[in-house]
Amino acid sequence: MNARLRWATVELQTDLQHAKDPVRLGIVVQRTARNGHVRTESMVVGRVPNPESRPSEVGDNPALFDMLIRWPEAITQAVLQTPPDKDPLDELPKTWRWNIYVAEIKEKPVTMDMSIEELALELVHEFIPDMQWEFSSQIENQVAQEFSSVGQDVARWGFERIMRQRELPHQSVH
Amino acid sequence: MEQVDPSSATSGQPQQQQQVQQPPPIQVQPAATIEDWKKTTKWKPRLTGTASGGSPVEDVATGDSVGLAKPRDVWQERIAYLLAQLAGVNVAEVRLGRVEGSQQIHAVSIALGPVSMDVASLQSQLGPSYNQQQVEAALRAASGLLAFHAWLGTGDLKDEHVVADLRGDGTVVVAAIDFASCCGWQPTDPVSAPGGPGALISQVDKAAVQAAVNRIEATTDEAIGEAVDSLPDAVMPKADKDRVKKGLCARRALVKNCMKNQGWTP
């Protein structure tokens, strides 16, 4: 069975008035397969700062730090709350357009041979190559967070993955 | 919606002018200093499908400032920012600029603060650290914007057009953005109370609204003329300048009753 893979890249700009280099945070991946019903799997994979060892590039604004800690969860909620007649990835940029923003949306056809997790790992590794994107176990409808060392540093960034699935009647999806 | 007809108001000098401290002269960006901007890779939110047709840009001179350049409704965006200084209300800064060497002048919207977002997105993105009391206090302090919206006849009023500056010290300041639809009236049109944004209407501080009313009434013909005439003719045709100057002068005395009829002033 063929499917369509779409993914959105998520970035951070710590200062919207005097911009610095943006920080890549992660991706939102969505695979949609049609077989009578439409089955959509979504996965958010990205990095969150470690509160114990805050990366200097995220700045020191406490509200922004709070947003950074929970961006994968907040985006997952936004995906789940998207009305069934709308594509979540098209809706996300309408609200995620400030310090944390959806930068690009890309898509390509895929087969069902690989899991959504494998596809997401491949994409996020390509997007943020300096992180060690190795997950310790398969996940399903759960949140996993692990911290990954970068070089010899104490882990400054953790990575988080959240997978959700929803199955919709074919006619409700446009 | 309550409306106040121009024929029912006194013209000439506003009634409370003696009680109000004259606002300081506004800082008008001279036409000769229209800045050069270019597309930026530092901040690149995907904005396709937005009504403004804006694109993220950075200033050529320093590469330090970023903004959102809009090719449409340029004078409306800029005049609202200038008039907000006269009315003593917060509107995020709008500069005039050229993008990538184009001769077309754009309105370049500058973020309200380093960390800012629209109030409609605040709760979902901040999560447990969303401080409702603090945000509501900031909205009340900004509720003079309702009088300002009445004066300018702003349309498309929604919470996405109210932004919060989340400052490093934990304080929150609120301002308005997106005045693309303002000043579309004829000078003799009645003044209507704004139907939004809901976030401001639900947090009216009567003293803040009254203060804005007073500042609007105290604004002189000369100050209005200076703000309008600061816009290049290429951006705001002379016919629009004449209409808007006349309308702003006529409407400033009507805002008071409009706010009173809504119960938004003491």
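Look up: the structure comes first, before these words.
The structure reproduced in this document is the subject of the present report.

Conventions we followed
- Residues numbered from 1 in each chain as written.
- Chains lettered and ligands numbered in written order.
- Predicted model: local features only at pLDDT ≥ 70, side-chain atom pairs only at ≥ 80, totals over all residues.
- Heavy atoms only, no water.
- Pairing = 2+ DSSP bridges.
- Helix = DSSP H or I, 4+ residues; strand = E, 2+ residues; numbered from the N terminus.
- Axes fitted to C-alpha atoms, helices over the stretch in contact; angles between N-to-C directions.
- Phe/Tyr/Trp six-rings, centres within 6.5 Å; stacked < 30°, edge-to-face > 60°.
- Buried < 20%, exposed > 50% of the residue type's maximum accessible area, 1.4 Å probe, protein only.
- Contact = heavy atoms within 4.5 Å.
- Buried area = accessible area lost by both parts, 1.4 Å probe.
- Salt bridge = Lys/Arg side-chain N within 4 Å of Asp/Glu carboxyl O.
- Polar contact = N/O pair within 3.5 Å; in protein donor to acceptor, adjacent residues only side chain to side chain.

### Looking at the sheet that holds strand S4 (residues 66-70) of chain B
All names here are of chain B. Strand order in the closed barrel formed by 5 strands is S2-S3-S4-S6-S5, with mixed pairing between adjacent strands. Adjacent strand axes in the sheet meet at a mean angle of 55°, parallel and antiparallel pairs treated alike. The pairing of strand S5 (residues 94-99) with strand S6 (residues 105-109) spans 5 bridges and is antiparallel. What sits directly across from Arg95, in S6, is Val108.

### Focus on the packing of aromatic side chains
Residues and elements named next belong to chain B. Within the structure shown, the criterion is met by 2 aromatic pairs over all chains. Ring centres 6.2 Å apart and planes at 65° place the aromatic pair Phe148 and Trp151 in the edge-to-face group. Remark: Trp151 and Phe148 occur in helix H4 (residues 145-152); sequence separation between them is 3 residues, near one turn of the helix. Across the pair, exposure class does not vary: Phe148 and Trp151 are buried alike.

### A closer look at the interface of chain B and chain A
Contacts between the two partners involve 32 residues from chain B, matched on the other side by 28 residues from chain A. Surface buried jointly by chain B and chain A totals about 2700 Å² across both partners, of which 54% is contributed by carbon and sulfur atoms. If you sort the residues of chain B by the area they bury against chain A, B:Lys42, B:Arg46 and B:Gln125 come out on top, with a joint share of 26%. The residue A:Arg97 makes a salt bridge to B:Asp118 at a minimum N-O spacing of 3.7 Å. The interface formed by chain B and chain A includes 15 residue pairs in polar contact (both at pLDDT 80 or more).

### Focus: the pairing of strand S9 (residues 172-176) of chain B
Residues in a regular strand point their side chains to alternate faces of the sheet. Residues and elements named next belong to chain B. In terms of burial, S9 is a largely internal element, 5 of the 5 residues being buried. Residue alternation in S9 divides its side chains into two sets, Val172, Val174 and Ala176 and Val173 and Ala175, and both sets are buried. Taken together, the 5 bridges between strand S8 (residues 162-166) and S9 define a ladder with antiparallel strand orientation. Residue Asp165 lies in a different strand from S9, and its bridge partner there is Val173. Counting the residues that bridge the hairpin from S8 to S9 gives 5 residues, and of these Gly170 lies at a positive phi of roughly 95°.

### A look at the environment of B:Glu160
Examined against the element boundaries, B:Glu160 turns out to sit in the loop between H4 and S8. A relative accessible area of 32% places B:Glu160 in the partly exposed class. For B:Glu160 and B:Gly63, which are 97 residues apart along the polypeptide, the C-alpha to C-alpha distance reads 28 Å. Setting aside residues no more than four positions away along its own chain, B:Glu160 makes contact with A:Arg97, B:Asp118, B:Ala120 and B:Ile177.

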